[in-house]
Structures are given as C-alpha cells and as structure tokens.
Amino acid sequence: VADWDGNMDETITVSGSKKAGKWTGSANVSYNIGAGAQSGEDTGAVTVTDGTMTIKLGDAGHLSGQNVSSSSVAGGSISMDGADDDLGIGAFVDGFHGVSVGYKMSDTMSITVAYQTTADQNDLLGAQEFMDNETSDYGTSGFGAGLSLAAGPATIGATFGSASTADNSGAGGSKKTDHTVLGLGVKLDLGDMKPFISFGSNSSKGAESGAEATNGGFEVGLTMAMGSDSIVAYFGSVTEGGAETTSTTGLEVGYNTTVGPSSLGIGYGSKSNSDSGMAYSDICVEMKLSF
C-alpha cells in the first residue's frame, strides 16, 4: 500500500485466520518497506472471537466513535478536527495499542471495554495529541467502554473514555495531559426512511501548560429510498475551543441512482467557518463503475 500524507509511506501487510472449535483467531501485521522518513508505524493485532465474546490485543480499533451519519458526494459534511478529519463527529478515538473485550449479551445488546497502554507520543485513545509537549519519556494509559443497543426501530450506540499521560522515566515529571471523550449515535429504521443523529463531546487539558482543547458537535439527517434510488439530507455543526473558539456548519443534499452498470451520485453542499470567515458551496457529480 502506498499512502501520501506529506511523505510517501510504503507498507506491506500480512494477515490470516484460523478456526479451532467455536473460536476463530485472526491476526495482521504491517511493516514499513520504503526508505526515508515515514510516518506510518510497524503495527500488529490479534483478534479471537466465538461470536459472543471478542478479544482484541495490539494496535486495533478497540472503541467506536459512534458516528452513524450519511452524506452525499458533495463537500458539505464537517469533522471534529482538520488534522484528523477522518474521525468525524463522535467520541474522539481511533486505533491504539491496548486490549479490549466485547461481549454480546443478547441479539439486541452488546458491550465493549478497552484499556490502552502505550509509549507512543501524541496518542491519547489514538486521536488526541499531548497538550503539555511531553517528551518521549512519557507514556499513555486510558480506559473506555462502548454500548450498542437495539430498541424497536432504533439502534443506539454510546462510547465514553478517558486517558492521561505519565512520566515513565522515574524522574517524576510534572507534565500531564488528561483527555475525555463521549460519543453517541442513533439510527431509526422507518422502512424507506432512515433518520440519524451523531453527537460528540471531547476535551483535553495540560496540567503544566494549562492548554486546553475542547470540541463538540452534532450531525442530523436522513436517507430515503425511492425504489432503487435514494436521497440523503444532512446538517451538521461543530464548535472547537482552545486558544480561540470556532464553529463550523455544513449542509448537504444528494441523490443517488444507477445508469446501466454505473452508480451515479449528484449532490449540493455548503460549509461555513466563523473563525476564518470561510464560506463555500459545492455541486458535485460522481459516477462509479464496479466490476
């Protein structure tokens, strides 16, 4: 895999699985193979499951951010942070080194608990950077839990968690970052119409520097089937606080259909930011062919 994120990361990934009785084990490991400075890391993870209990160990997506939003092909949807715009509204988490246990209590309810422990820098639950400019002597530990519940036409997911840094050198450094997250996602299945709402509230603070970062927001909308076609409507708003407080709002409306063997998406989106004064609109037409 070649990935450009300011430099060229080249990685090779090996994965496999094996079944023993009712348990299935799977594992993967990814290595950098290119020369030069690469931001990608050598990572690996192991997962074992029997369909009721799932255990993950290593660098994996242990917790869900609980984003359930849908958007069109236009550029109107928003995100929590410009540096991590793949995370979206919800709990500010990503893949991290740790262990998690998920348990399916019934066909309608499951719970996951996770523990993070890592010496990686700028890695609080996989998403938030250190606020006190901690050195490589500092590591991170954290805890989180997620719940998924189906109740009638509603599917509800919630994640909360916290993480903090500590000096691992034994010198007793006074720097410390505390990070807390909360994410909520709700979807309704009303036949052809499927409304959704995603919510997130996250905060980080440096004990020595006093630096703070807070963000919170929501996305609301629906998808509606019209035979083999569908439409999507979306509105989102996020507020980010730190040295300055900014707010971003976004709107999208889209239509999806098929043209012969191709899928066609047409969308309109708009976005505005209170800090930069940025405001733009986007009309996008996207055609895809799968074979």
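Below is a short write-up of the structure. (Residues numbered from 1 in each chain as written. Predicted model: local features only at pLDDT ≥ 70, side-chain atom pairs only at ≥ 80, totals over all residues. Heavy atoms only, no water.)

Bringing the packing of aromatic side chains into the picture now. Using the criterion set out here, one finds one aromatic pair in the structure. Taking the centre distance of 6.1 Å and the plane angle of 50 degrees together, the rings of Phe218 and Phe235 count as tilted. In this pair, Phe218 is assigned in strand β12 (residues 212–226) and Phe235 in strand β13 (residues 229–241), connecting sequence segments 17 residues apart. We classify Phe218 as partly exposed; its relative accessible area is 33%. Residue Phe235 is classed as partly exposed on the basis of its relative accessible area of 36%. (Phe/Tyr/Trp six-rings, centres within 6.5 Å; stacked < 30°, edge-to-face > 60°. Helix = DSSP H or I, 4+ residues; strand = E, 2+ residues; numbered from the N terminus. Buried < 20%, exposed > 50% of the residue type's maximum accessible area, 1.4 Å probe, protein only.)

Topologically, Ser100 is positioned in strand β6 (residues 96–104). By relative accessible area, which is 4% here, Ser100 ends up buried. In terms of polar contacts, Ser100 uses its side chain to reach the side chain of His62, at 2.8 Å. When residues no more than four places from it in sequence are discounted, the contact partners of Ser100 are Thr54, Ile55, Lys56, His62, Thr112, Val113 and Ala114. (Polar contact = N/O pair within 3.5 Å; in protein donor to acceptor, adjacent residues only side chain to side chain. Contact = heavy atoms within 4.5 Å.)

The next subject is unusual backbone geometry. Backbone phi values are negative for most residues with the exception of glycine, while trans is the configuration of most peptide bonds. Phi angles above zero are rare outside glycine, and Leu125 is one such case at about 55 degrees. As for its placement among the helices and strands, Leu125 is situated in the loop between β7 (109–118) and β8 (138–151). For Leu125, a relative accessible area of 0% puts it in the buried group. Located in the positive-phi region is Asn133, a residue other than glycine, with phi close to 55 degrees. Structurally, Asn133 is set in the loop between β7 and β8.

The biggest cluster of nonpolar side chains holds 12 residues, and these are Leu63, Ala91, Phe92, Val93, Phe96, Ala114, Leu124, Leu125, Ala127, Phe130, Ala163 and Val181. Filtering out sequence-adjacent residues up to four positions away, Ala91 remains in contact with Ser64, Gly65, Thr159, Val181, Leu182, Gly183 and Asn202. Counting five residues, the second largest nonpolar core, distinct from the first, contains Ile78, Ile89, Phe196 and Val238. (Core = buried A, V, L, I, M, F, W, Y, C linked by side-chain atoms within 4.5 Å.)

Don't take any of this as a statement about function, it's just geometry.
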